[in-house]
Structure formats: C-alpha cells, structure tokens
Amino acid sequence: MKKYLIDTHAHLDMGVSVNNDATAEKQATDEEIQENLAMMEEYGVKKVIIPSVEVKTLDRVVEISNMYENVYSMVGIFPSEAKTYTNEVEEKLLNLATNKKVVAVGEVGLDYYWDKSFNDIQQEVFRKQIKLANKLNLPLVVHDREAHKDTFDIIKEENKGSKVLFHCFSGSVEFMRECVKEGWYIALGGVVTFKNAIKMKEVAEEVPLDKLVLETDSPYLTPVPFRGKPNRPAYVKYVAEEIAKIREMPFEELADITSTNAEEFFKI
C-alpha cells in the first residue's frame, strides 16, 4: 500500500489576507508555499496539483510547480474569467503546456452561480479549452457550478479522448452516476466533512472507488475541524478520513486507491 495522499486541486499560488480570508488578490510567498509543503509531509500528503484560474497568474502557477519535485500544475482559464480568453491567451496555454510539470487543462468549465449574463461566452470558451486539451492530449479538470446539464452536454459534444475529472463535485448521486457512466472521474473535498452536506456524503458513499480522487481546493472550502480558517493541502487528510468513515473502510485503503487513481489520471 502507498499509505500517502494526493491533493489533486490546491491553489498554492494564492495567499491569505490579514483577516484570514482566502483571496486571489494576494500571491502566496515562497515561504508560505514552503510552509504548506512541510505541513503536507507531516500529514502524509505526498503530491499536490495547482490549477490555473486567470491569465495574470498562469506563469506563476507553472513556475511554482517547476520549483518543487512533488508539485504539479494545470493550465486553463476559469469560467468567470471567460471574457479574458483570446487567441493570444490560447497560444500562451499551448506554450505553457509543453512544460513537463503541466499535467492537465484546468480548471475550466461553467459557473452560473454569480453572473448568468455571459453564459454564452462561458460555453464558447469551455468548448475551446476542451479542444485544447484534446490537442495537447491532456486530461480535462472541470469546474461545474449550477450548470450540470450544460457542462455534461458540452463535454459529450466536444471531448474527443481527454480524460475528464469533475473538480469539487457538487451534483446529486444520480448526476454522479451519469458522469461515471461516461468514464469520468469525481473529486471530493472539504464539503464532504460538513455536518449538513447530506448530498455530498451520499455521493461519497456511492461513487465507484476506481473513479474517486481527493482534493482541498485550498485556501477555500476548509474541512471540519478547521472551518473558518484558510484551507491547506495537508487537510486533504480530513477529507480522506471522512470518506473512509462514511464507507466503513480502512483509511489506508482509501488513501491507496485514491492516490493510485490520481497518479494514473494525471500521469504523475
């Protein structure tokens, strides 16, 4: 057994503001990143993957993954940033993806939660980035918030061979089953530890183990017992403990299966 964990989605490049709120406006210092990596080692978390969100931090995300052996990165533009996606940005993504530490296109997708006024642009950019993943022969890491049907349909229409992972899965058990039927993977994070997260606990209990990976989405979505404080990649341990408890299986077995899945999915 591997007996270690992998955080498949952590915004290591993002700092934390003075009032302990996670913020994309503040870049993490090298010291903060090193502190997170040291804490990961202490908690038995061996590898971590940083997603890209916006144009201005693309270089930094890849740079961090180049600095540390156990850190990997993704390239992509987040749905709320869809209006910034241009031909020049796509060229930049293509160039960055030649780096051996870039292991996926992500996080990309649809988010209808905050602003529905440019859903059409989000969809267009999502389609372009699916084609980009196909062109690069890289996996696709999907952000889907209150857009399940459109996300599912667009992937079905556009994807021509890239492996698919739903980051921070927020759908029902029924939607999870539809995704798994397509061969897509499910990532669960800190929400599964929340007392009232009944739907996520049901998904955690029912998702086929060979399609499950773990994540934190740090510094967001901090699990119990640290809710209210910034999340850290090390805290993926609490996600694993909760899912193992829900499934009534040994923690070590869950860690082994999910780490193997992550390594095979991302080729790390």
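Structure: see above.
Scoring rules and cut-offs
- Residues numbered from 1 in each chain as written.
- Predicted model: local features only at pLDDT ≥ 70, side-chain atom pairs only at ≥ 80, totals over all residues.
- Heavy atoms only, no water.
- Helix = DSSP H or I, 4+ residues; strand = E, 2+ residues; numbered from the N terminus.
- Buried < 20%, exposed > 50% of the residue type's maximum accessible area, 1.4 Å probe, protein only.
- Pairing = 2+ DSSP bridges.
- Axes fitted to C-alpha atoms, helices over the stretch in contact; angles between N-to-C directions.
- Contact = heavy atoms within 4.5 Å.
- Parallel < 35°, antiparallel > 145°, perpendicular 65-115°, else oblique.
- Left-handed = near helix turned anticlockwise from the far one by under 90°.
- Nonpolar A, V, L, I, M, F, W, Y, C, P; charged D, E, K, R; others polar.
- Patch = residues over 30% accessible without salt bridge, like charges linked within 9 Å, V, L, I, M, F, W, Y side chains within 5 Å.
- Areas by Shrake-Rupley, 256 points an atom, 1.4 Å probe, with all protein chains shown as cover.
- Salt bridge = Lys/Arg side-chain N within 4 Å of Asp/Glu carboxyl O.
- Lys, Arg positive; Asp, Glu negative; His and termini not counted.
- Charge placed at Lys NZ, Arg CZ, Asp CG, Glu CD.
- Phe/Tyr/Trp six-rings, centres within 6.5 Å; stacked < 30°, edge-to-face > 60°.

Q: Please give an account of the environment of Glu-253 that cites residues and values.
A: Relative to the assigned elements, Glu-253 resides in helix 9 (residues 251–266). Note on Glu-253: relative accessible area 30%, which makes it partly exposed. Separated by 250 residues in the primary sequence, Glu-253 and Lys-3 place their C-alpha atoms 7.8 Å from one another.

Q: Requested: an account of the sheet that holds strand 8 (residues 164–167), with residues and values cited.
A: Here we have eight strands laid out as an open sheet, ordered 1-4-5-6-7-8-9-10, and parallel in their pairing. Strand pairing shows two members of the sheet lacking a second neighbour, strand 1 (5–7) and strand 10 (212–214), which therefore form its edges. Direction aside, neighbouring strands of the sheet carry axes that sit 30 degrees apart on average. Two strands pair when backbone bridges link them, and strand 9 (residues 185–188) and strand 10 are joined in this way by three bridges, in the parallel orientation. Note that in strand 10 the partner of Ala-187 across the bridge is Val-213. Across the sheet, helix 1 (residues 30–43) lies against strand 4 (45–50) and strand 5 (71–75), angled at about 140 degrees from strand 4, the strand it touches most. Sheet contacts for helix 5 (residues 148–158): strand 6 (102–111), strand 7 (140–145) and strand 8; angle to strand 7, the most-contacted strand, approximately 155 degrees.

Q: So what's going on with the packing of helix 3 (residues 87–96) against helix 4 (residues 119–136)? Residues and values would help.
A: Relative to each other, helix 3 and helix 4 sit at 30 degrees, their axes nearing to 11 Å. With respect to each other, helix 3 and helix 4 are oriented roughly parallel. Seen along the crossing, helix 3 lies across helix 4 with a hand that is right-handed. When helix 3 is examined against helix 4, the residues Glu-90, Leu-93 and Leu-94 are found in contact with a partner set consisting of Lys-128, Gln-129, Leu-132, Lys-135 and Leu-136. Grouping the amino acids of the contact of helix 3 with helix 4 by side-chain chemistry returns four nonpolar, one polar and three charged.

Q: How would you summarise a negative patch on the surface if you had to cite specific residues and measurements?
A: On the surface, a cluster of negative charge is made up of Glu-174, Glu-202, Glu-205 and Glu-248. On the accessibility criterion, Glu-205 (44% relative accessible area) is partly exposed.

Q: Kindly report on unusual backbone geometry, identifying the contributing residues and their values.
A: Across the junction of Gly-106 and Glu-107, the peptide omega takes the value 0 degrees, indicating a cis bond. Looking along the chain, the bond that leaves Ser-218 and enters Pro-219 is cis, with omega of 10 degrees. Relative to the helices and strands, Pro-219 resides in the loop between strand 10 and helix 8 (236–247). In this structure, Asp-217 takes a positive phi of about 60 degrees despite not being glycine. Looking at where Asp-217 falls in the secondary structure, it is placed in the loop between strand 10 and helix 8. Assessed through its relative accessible area of 9%, Asp-217 is described here as buried. Residue Glu-248 is not a glycine yet carries a positive backbone phi of 55 degrees. When you line up the elements, Glu-248 lands in the loop between helix 8 and helix 9. With a relative accessible area of 76%, Glu-248 lands in the exposed category.

Q: Please set out the packing of aromatic side chains residue by residue, giving values where relevant.
A: By the definition in use, this model includes 14 aromatic pairs. The interplanar angle of 15 degrees and the centroid separation of 5.9 Å between the aromatic rings of Phe-169 and Phe-175 together place this pair among those described as stacked. Judged by its relative accessible area of 13%, Phe-175 is buried. For the pair Phe-265 and Phe-266, a centre-to-centre distance of 4.8 Å together with 75 degrees between the ring planes defines the contact as edge-to-face.

Taken by themselves, the reported measurements are silent on function.
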